[in-house]
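Okay, here's what each chain looks like letter by letter:
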Amino acid sequence: MQFSTVLYYACGQSNREFQPGSSLLDMKTTPAPSAYSYPLLIRHLLNACRLASPQNEIISADLVRYTYTEFLERLGRLAGGLTALGVKPGDTVAVMNWDCHRYLECFFAIPMMGAILHTINIRLPAEQLLHTINHAEDDIILVHEDFLPLLNQIRTRIERPVRLAMIRDSAHYGRDTLPDGFDIEYETLLDMGKDGFEFIDFDEHRTATTFYTTGTTGNPKGVCYSHRQLVLHTMGVITALSPGDEHVRLHRGDVYMPMTPMFHVHGWGLPYAATMLGLKQVYPGRYDPVSLLSLISREGVTFSHCVPTILQMLLAADEVTPIDLNGLKVIVGGSALPHGLARAAVTKGVQLFAAYGMSETCPFLTVADTMGMNHGSVLDRDIAMRLKTGKPGALIEMRVVDPDMNDMPRGSGHTGEVVVRAPWLAQGYTGNIGDSEELWRGGYLHTGDVGYLDHDGSLQITDRMKDVIKSGGEWLSSIKLENIVSRCKGVGEVAVIAIPDEKWGERPMVIVTRSPDHAVTAQDIRNAVREQVDTGKLPGWAIPERVEFVTSIDKTSVGKLDKKLLRAHYAGPPGENPAEA
Ligand code: AMP
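### Brief notes about the overall build of the protein chain
- Secondary structure assignment for the protein chain yields 17 helices and 25 strands.
- Burial status across the protein chain gives 56% buried among its 581 residues.
- If you take every contact in the protein chain between residues at least 6 apart in sequence, the share linking residues at least 24 apart comes to 66%.
- Accessible area of the protein chain: about 24,400 Å², with a carbon and sulfur share of 52%.
- Counting 54 positive and 69 negative side-chain charges, the protein chain places the centres of these two groups 3 Å from one another.

This is the structure:
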């Protein structure tokens, strides 16, 4: 018998699947035979709220309002029901759903039973969605009835036998009237698991979740996160948000509501953090700006997060049916928040601040440091503090490097690629060794983002490497130009892209929507850029020859400006592009 096995039995855990790591053997103190070695498992995120906030509420818009006690009880029933259906540890359980209490239940119960949660991106085109289902080797899909038409488009081409469970919102669950091929309905599944389920310990390195990156060329790439990574990430998010400025920090009195879909990098990890803290939580279902506003007002939401597009929609809806947004804390991430949009939000009293991360980083990396900011001020300096991509969270090692991995000096003149190490970074892409090694070349995860580190240790992302405009040997940040244009009166949304130029390689092109009742012109936009050129902040070639007014700008499946698509649209000379027809 090996020593580690002896220790395993000696620890009194013979009824557990968990085997202590060999690192225990290196400890100076011999662990007490009954000592609990505490694997970092998602189920442990519930320990504190189970005791401290059993009566706090979790609300699902128009569906349910229940307490943490009921939530915890339903986790056992969901795991019990899935087990009765044949789901085993290591199986993959996929979810296609709106953001609701049932999705939160899946966030916990599925990994807690040792299975893998696959959060399907319901906004992917059908063919890519099929790729993710086949690639993840889903064993069962829990699908909301609204996504049945989408699933039906590809169902016959799912390669492995997959079981289907239906999620219905209607009061009448129609359990006897399930569509062909469906085994069960979600609430019936919970009834089946009524005897509960005993969640046991296992190795913290076991895969807990998987999902697919967006915005890449070709098929989406799969990433996985372990229990240990998600627990540490949750701690990392809380550690980064709690000690901050009193106007933006996350605390026990907050009411949390996501406005980033739960399929997008675990809703940025905030649902895990809010649950661990036992906060009152509100899940909005299908995102509709008017109902988001009404939930914020009705349920007293104080803490949320979204991409700039959702913020834009929210502010537009608030113009029509205004509510009191004063004091609402909103993390904006996923892409750079244009200065003009930030100012519009702050003018309404929103406590806005930026954070940065990506699918491959679980996602959290940095958050804006607003200490010393003048609250409510719309002065450029104060807005800039909110928009600074920010300081790395605890445990994150961040560098800005040149192509040979040498550190760039601090300061705005010294941009390079952002590379990172943290305990919660994806270790590679599933089944794709080539891209995995490329992601991790030199032992650091390469973000593909360009930025600089300031003297105070704050990171400023200036662009995505692929989006930088390269002209005659000079580089120009598309984000910088977007910021300038966003401040022109009458500009709604703005995207700046590089278009091919015979002489210079690339030149900037500006694509904008107009705010209602405003007649901003191409000349107004050029004048705004010219002002920056005249003060030496931008090179002369930054003044865009092409300015295009459109009614809407293409977005990715997670609501970001789809610059890849825009570049393809506008690659030809004016007049030859579909968007200009
Ligand atoms: P995704 O993997 O789809 O979440 O996209 C991650 C990418 O979004 C990052 O690599 C950045 O290019 C971009 N991004 C995320 N947060 C920010 C931010 N606060 N500012 C600028 N870009 C961001």
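Anyway, onward from the coordinates.
### Some points on the environment of Lys466
- Within the fold, Lys466 resides in the loop between strand 20 (459–464) and strand 21 (469–471).
- A sequence separation of 17 residues divides Lys466 from Asp449, and the C-alpha atoms of the two residues are 8.4 Å apart.

### Overview of the site of the ligand
- Close to the ligand lie 15 residues, the nearest being Ala355, Ser359, Asp449, Arg464 and Lys560.
- Within the backbone of Ala355, an N or O atom sits 2.8 Å from a nitrogen atom of the ligand.
- Lys560 places a polar side-chain atom, nitrogen or oxygen, 2.6 Å from an oxygen atom of the ligand.
- For the ligand, the protein covers 90% of the area, taking 500 Å² as the surface of the free molecule.
- If you list the elements that add at least two residues to the shell around the ligand, you get strand 14 (351–357) and strand 20.

### A word on helix 15 (residues 478–486)
- Of all nine residues that make up helix 15, eight are buried, and the element is covered over most of its length.
- When helix 15 is considered as a whole, its buried residues turn out to be Ser478, Ile479, Leu481, Glu482, Asn483, Ile484, Val485 and Ser486.

### Side note on empty space enclosed by the protein
- Inspection of the entire model under this criterion finds two cavities of 30 Å³ or more.
- Together, Asn97, Trp98, Asp99, Tyr103, Ile122, Arg123, Pro261, Met262, Phe263, Gly285, Arg286 and Tyr287 line the largest cavity.
- Of the residues that constitute the lining of the largest cavity, the class distribution is seven nonpolar, two polar and three charged.
- Empty space within the second largest cavity amounts to approximately 40 Å³.
- Lining of the second largest cavity is provided by Asn121, Phe211, Tyr212, Thr214, Phe263, His264, Ser359 and Val558.
- For the lining of the second largest cavity, the class distribution of residues is four nonpolar, four polar and no charged.

Conventions we followed
Residues numbered from 1 in each chain as written. Predicted model: local features only at pLDDT ≥ 70, side-chain atom pairs only at ≥ 80, totals over all residues. Heavy atoms only, no water. Helix = DSSP H or I, 4+ residues; strand = E, 2+ residues; numbered from the N terminus. Buried < 20%, exposed > 50% of the residue type's maximum accessible area, 1.4 Å probe, protein only. Contact = heavy atoms within 4.5 Å. Areas by Shrake-Rupley, 256 points an atom, 1.4 Å probe, with all protein chains shown as cover. Lys, Arg positive; Asp, Glu negative; His and termini not counted. Charge placed at Lys NZ, Arg CZ, Asp CG, Glu CD. Near = heavy atom within 4 Å. Polar contact = N/O pair within 3.5 Å; in protein donor to acceptor, adjacent residues only side chain to side chain. 1 Å grid on protein atoms, 1.4 Å probe; cavity = no way out; pocket = protein on both sides within 12 Å on 5 of 7 lines; lining within 4 Å. Points joined across faces, edges and corners; volume = space filled by probe spheres on them. Nonpolar A, V, L, I, M, F, W, Y, C, P; charged D, E, K, R; others polar.

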